[in-house]
Amino acid sequence: MKLSVIIVNYNVKYFLEQCLCSVQKACARIDAEIFVVDNCSTDGSRQYLSARFPDISFRWNNSNDGFAKANNLALQEATGDYVLFLNPDTIVPEDCLEKCIHFFETRKQCGALGVRMIDGSGYFLKESKRSFPSAATSFYKMTGLTALLPLSPVFARYYATHIKENESGKVDVLPGAFMMLSKAAVKATGGFDERFFMYAEDIDLSYRVQQAGFKNYYFPETTIIHFKGESTSKMNPMYYRHFYGAMNLFVEKHYQDKKVKLMLMKTGIWCGEKMAMLKQVLTSKAGKSEMKPAASTMVIATQPYFNTVLRILKYAQPP
């Protein structure tokens, strides 16, 4: 088997349907297997999806034990030379997976690969490439030095903007929304750390891929759509608890022997959480008086038509 695709679903059956259609087309000329692990969805995902995709291997969990554990469940059965961890709220182009595999085969040191991601409005998602968290990296971002010096390998590390959007390069962190690993890297790392329920599991896995002697690459020669965050809401206080809790877990796991760095990182995470919560409260209050009905649009098309429609929608105004 050349490729194993693993997708974890939680209450996004319509997004997953579109995702699976795109993945099946992208696998048309690849010896591939597709796994979907459902974390006890309550939106009728099982009834809706099972009949529509009889050739896909579904696993229906009776509880939601987290993103990492669900991925590892399918990973135990995966037999591909490469494994792709993919979010359900994504759409991949037809030649995406072939291009990624070809990149792996021409760079033997590549252990993990991520691609250029855009959101549903066509805007580049900066989290397509990132650096490992550190006190200095966070300080540069919070003080505006990252925005002031976006091409600096030192000050622009947060989103690795010193590597251009359309330029391939070695990076620290790849997003869990699209993360392809070689079989050797999977064997060396054992997959995701199941202590991470949600968030930072991709940072941890990226870190361990490098610790095992492999390289992580950002590969922009193919672009996927990531609708981003459809399973979660940043308006929910639980988001902050999970996100910043996961960041604490990461630094405690990997920086335990560096006491000063650990203290600075944990202080920075605490400050970041409080600032984010305050910003959310202020934004929520300011927006209540300006709330307008939102219009949502999904576009499925070949790349040239897709780009044209995005330009039209960008400047369209509701009646």
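Nothing here was measured: the structure is a model prediction, and the numbers come from that model.

S.K.: Explain the environment of asparagine 64 here, please?
M.R.: Here asparagine 64 is to be found in the loop between strand 3 (57–60) and helix 3 (67–75). You can call asparagine 64 partly exposed: its relative accessible area is 28%. Remark: the alpha-carbon pair of asparagine 64 and serine 41, spanning 23 residues in sequence, is separated by 8.3 Å. In this structure the side chain of asparagine 64 is engaged in a polar contact, spanning 3.2 Å, whose partner is the side chain of asparagine 39. Polar contacts involving the side chain of asparagine 64 include one to the main-chain amide nitrogen of glycine 66, which spans 3.1 Å.

S.K.: Help me out: how do you make sense of the environment of alanine 147 in this one?
M.R.: Of note, alanine 147 is situated in helix 6 (residues 145–148). Separated by 14 residues in the primary sequence, alanine 147 and threonine 161 place their C-alpha atoms 9.3 Å from one another.

S.K.: Would you take a moment to explain the nonpolar core for this structure?
M.R.: Looking at soluble globular proteins, one finds that nonpolar side chains tend to be buried together. By size, the foremost hydrophobic cluster in this structure holds 38 residues, and its most contacted members are Leu3, Leu97, Phe178 and Met180. Per element, the largest residue contribution to this core is six residues, and it comes from helix 4 (residues 96–106).

S.K.: For this particular structure, what's the right way to read the pairing of strand 2 (residues 32–38)?
M.R.: For a regular strand, side chains alternate in direction, first toward one face of the sheet and then toward the other. Of all seven residues making up strand 2, six are buried, and the element is well covered by its neighbours. Where strand 1 (residues 3–9) lies against strand 2, seven bridges are found, and the strand directions are parallel. Residue pairing for strand 2: isoleucine 6 is matched across the bridge by phenylalanine 35. Note on the crossover from strand 1 through helix 1 (residues 13–26) to strand 2: the handedness is right-handed. Here four bridges tie strand 2 to strand 3, and the two strands are oriented parallel to one another. Pairing of aspartate 38 across the sheet is with tryptophan 60, part of strand 3. Crossover handedness for the path strand 2 to helix 2 (residues 45–50) to strand 3: right-handed.

S.K.: Would you mind showing me how to read the environment of glutamate 17 here?
M.R.: If you trace the backbone, glutamate 17 turns up in helix 1. C-alpha of glutamate 17 to C-alpha of isoleucine 91: the two residues are 74 residues apart in sequence and 9.9 Å apart in space. With near-sequence residues (within four places) excluded, glutamate 17 lies in contact with Tyr48, Leu49, Arg52 and Phe53.

S.K.: Looking at this model, I keep getting lost on the state of the cysteines. Mind explaining?
M.R.: In a disulfide, the sulfur atoms of two cysteines are covalently bonded to one another. Taken as a whole and judged by the stated rule, the model has zero disulfides. Looking at cysteine 110, it has no disulfide partner, and the nearest cysteine sulfur is the one in cysteine 100, 9.3 Å off.

S.K.: So what exactly am I meant to see when it comes to the pattern of salt bridges here?
M.R.: Pairs can form between side chains of opposite charge whenever their charged atoms are close. Under the defined criterion, the tally for this structure stands at ten salt bridges. Glutamate 77 is paired through a salt bridge with arginine 59; the nearest N and O atoms lie 2.3 Å apart. Of this pair, glutamate 77 sits in the loop between helix 3 and strand 4 (82–86) while arginine 59 is found in strand 3, placing the two residues 18 residues apart along the sequence. Among the ionic pairs, arginine 208 bridges to aspartate 204, the shortest N-O distance being 2.9 Å. One end of the pair is arginine 208 and the other is aspartate 204, both in helix 8 (residues 201–211) and four residues apart, which spans about a single turn. Exposure class is identical for arginine 208 and aspartate 204. Each is buried.

S.K.: Whenever I open this one, helix 8 confuses me. Can you help?
M.R.: The periodicity of an α-helix, 3.6 residues per turn, causes residues three or four positions apart to be oriented the same way. Along helix 8, nine of the eleven residues are buried, which leaves the element largely enclosed by surrounding structure. Turning to helix 8, its buried residues are Glu201, Asp202, Ile203, Asp204, Leu205, Ser206, Tyr207, Arg208 and Val209. Two residues or fewer after helix 8 comes glycine 213, characterised by a positive phi angle close to 100°.

S.K.: Help me out: how do you make sense of the packing of aromatic side chains in this one?
M.R.: One pass over the structure, following the stated rule, counts eight aromatic pairs. Ring geometry for tyrosine 82 against phenylalanine 104: centres 4.9 Å apart, planes inclined by 40°, an arrangement best described as tilted. In this pair, tyrosine 82 sits in strand 4 while phenylalanine 104 sits in helix 4, placing the two residues 22 residues apart along the sequence. Its relative accessible area of 3% is what places phenylalanine 104 among the buried residues. An aromatic cluster of at least three residues, connected via ring pairs, comprises Phe67, Phe85 and Phe192. Sitting over the face of the ring of tyrosine 48, arginine 52 holds its NZ or CZ atom 3.6 Å from the ring centroid. The side chain of lysine 129 reaches across the aromatic face of tyrosine 218, ending 5.7 Å from its centre.

Analysis parameters
- Residues numbered from 1 in each chain as written.
- Predicted model: local features only at pLDDT ≥ 70, side-chain atom pairs only at ≥ 80, totals over all residues.
- Heavy atoms only, no water.
- Helix = DSSP H or I, 4+ residues; strand = E, 2+ residues; numbered from the N terminus.
- Buried < 20%, exposed > 50% of the residue type's maximum accessible area, 1.4 Å probe, protein only.
- Polar contact = N/O pair within 3.5 Å; in protein donor to acceptor, adjacent residues only side chain to side chain.
- Core = buried A, V, L, I, M, F, W, Y, C linked by side-chain atoms within 4.5 Å.
- Pairing = 2+ DSSP bridges.
- Right-handed = clockwise from strand over helix to strand, strands pointing away.
- Contact = heavy atoms within 4.5 Å.
- Disulfide = S-S within 2.5 Å.
- Salt bridge = Lys/Arg side-chain N within 4 Å of Asp/Glu carboxyl O.
- Phe/Tyr/Trp six-rings, centres within 6.5 Å; stacked < 30°, edge-to-face > 60°.
- Lys NZ or Arg CZ within 6 Å of the ring centre and 35° of its normal.

Functional significance is not addressed by these values, which are geometric in nature.
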